[in-house]
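Here are the chains, one letter per residue:
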Amino acid sequence: MKNIVTKRTDYISWDEYFMGVANLSALRSKDPNSQVGACIVSEDNKILSMGYNGFPCGCSDDKFPWAREGDFLDTKYAFVAHSELNAILNYRGGSLENTKIYVNLFPCNECAKAIIQAGIKKVIYSCDKYNGTPGNIAAKKLFDSAGVEYVAYKPSGRKIEIEL
């Protein structure tokens, strides 16, 4: 009798895979408050680029502030590049037209502009903790106007552990 082997069925979905990559990228962030990651994916499910929130290349994360409050130049907000912008700028392959981006935090209005300008057509996000704030409302208005779809990631509840 011939032994029949079938493929396994407990593999992760594309959404789990790409959101997992975004979450893993976020772990590279040195921000003590917000770790955000992004993963840009082609129409045929190939990873094109990744990014996380942090200071621009060549800017020491020991010489710039990480504070959230205080005078503008004494906070991180004047200096940190968001994960979405980093993922867009990290891409070296040409056009990002008709791609999608996975992010673990809904993009701000500034990143929404960059996403639109890059040609990204779909945003999959896992958290919208700033929902209803002016920047969040502006981002959604921009996406709606430009025809960029944004959808909440639906977690499967599956726990994946990676030992490094």
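Residues numbered from 1 in each chain as written. Predicted model: local features only at pLDDT ≥ 70, side-chain atom pairs only at ≥ 80, totals over all residues. Heavy atoms only, no water.

**Student:** How should I be thinking about the pattern of salt bridges in this particular structure?
**Tutor:** Oppositely charged side chains may form a pair once their charged atoms are brought near each other. Applying the stated criterion across every chain, the model contains 6 salt bridges. Across the pair Glu16 and Arg158 runs a salt bridge, and its minimum N-O distance is 3.1 Å. One end of the pair, Glu16, is in helix H1 (residues 14-26); the other, Arg158, is in the segment after strand E5 (149-152), with 142 residues separating them in the sequence. Classification of Glu16 by relative accessible area gives buried; the value is 11%. (Salt bridge = Lys/Arg side-chain N within 4 Å of Asp/Glu carboxyl O. Helix = DSSP H or I, 4+ residues; strand = E, 2+ residues; numbered from the N terminus. Buried < 20%, exposed > 50% of the residue type's maximum accessible area, 1.4 Å probe, protein only.)

**Student:** What should I look at first to understand helix H4 (residues 134-146) in this one?
**Tutor:** With 13 residues, H4 extends 18 Å between its outermost C-alpha atoms, agreeing within 8% with the 18 Å of an ideal straight helix rising 1.5 Å per residue. Within H4 the residues assigned to the buried category are Asn136, Ala139, Lys140 and Phe143. Buried residues in H4, looked at end-on, bunch into an arc of 95 degrees, giving them a common side. In H4, the exposed positions angled more than 90 degrees off the buried face are occupied by Pro134, Lys141 and Ser145. Immediately downstream of H4, the backbone of Gly147 shows phi near 75 degrees, a positive value. (Expected span 1.5 Å × (residues − 1). Arc of directions from axis to C-beta.)

**Student:** What is the right way to read the sheet that holds strand E4 (residues 122-125) from this model?
**Tutor:** The strand order E2-E1-E3-E4-E5 describes an open sheet built from 5 strands, whose pairing is mixed. Edge positions in the sheet fall to strand E2 (47-52) and E5, since each has one partner strand and no second. Strand-to-strand twist in this sheet, taken as the mean axis angle between neighbours without regard to direction, amounts to 15 degrees. Judged from the 4 bridges that link them, strand E1 (residues 37-41) and strand E3 (residues 100-103) form a sheet pairing that is antiparallel. When the bridges of E3 are listed, Cys39 appears paired with Tyr102. Against the sheet, helix H2 (residues 83-90) makes contact with E1, E2 and E3, and its axis sits at roughly 140 degrees relative to E2, the strand it touches most. (Pairing = 2+ DSSP bridges. Axes fitted to C-alpha atoms, helices over the stretch in contact; angles between N-to-C directions. Contact = heavy atoms within 4.5 Å.)

**Student:** Mind showing me how you'd approach the pairing of E3 here?
**Tutor:** Alternating residues of E3 divide into Lys100 and Tyr102 and Ile101 and Val103, and every residue in both groups is buried. As defined by bridge partners, E3 adjoins E4 across 4 bridges and the pair is classed as parallel. Within the sheet, the bridge partner assigned to Tyr102 lies in E4 and is Ile124.

**Student:** Explain the nonpolar core here, please?
**Tutor:** It is characteristic of soluble globular proteins that their nonpolar side chains tend to be buried jointly. Counting 19 residues, the largest nonpolar core has Ile88, Ile101 and Ile120 as the members making the most contacts within it. Elements with a contribution of two residues or more to this core: E1, H2, E3, helix H3 (109-118), E4 and H4. For this core, the element with the most residues is H3, which contributes 4 residues. Once residues lying within four places of it in the same chain are set aside, the contact partners of Ile120 are Ile40, Ile88, Leu96, Thr99, Lys100, Ile101, Ile115 and Val148. (Core = buried A, V, L, I, M, F, W, Y, C linked by side-chain atoms within 4.5 Å.)

**Student:** Teacher, can you tell me more about the packing of H2 against H3 here?
**Tutor:** Pairs of packed helices are described in terms of their axes, by the angle between the two and the distance that separates them. Between H2 and H3, the shortest axis-to-axis distance is 9 Å and the interhelical angle comes to 30 degrees. Classed by the angle they form, the pair H2 and H3 counts as roughly parallel. Where H2 crosses over H3, the two elements pack in a sense that is left-handed. Across the interface between the two elements, Glu84, Leu85 and Ile88 from H2 touch Cys111, Ala114, Ile115 and Ala118 from H3. Taken together, the residues that form the contact of H2 with H3 break down as 6 nonpolar, no polar and 1 charged. (Parallel < 35°, antiparallel > 145°, perpendicular 65-115°, else oblique. Left-handed = near helix turned anticlockwise from the far one by under 90°. Nonpolar A, V, L, I, M, F, W, Y, C, P; charged D, E, K, R; others polar.)

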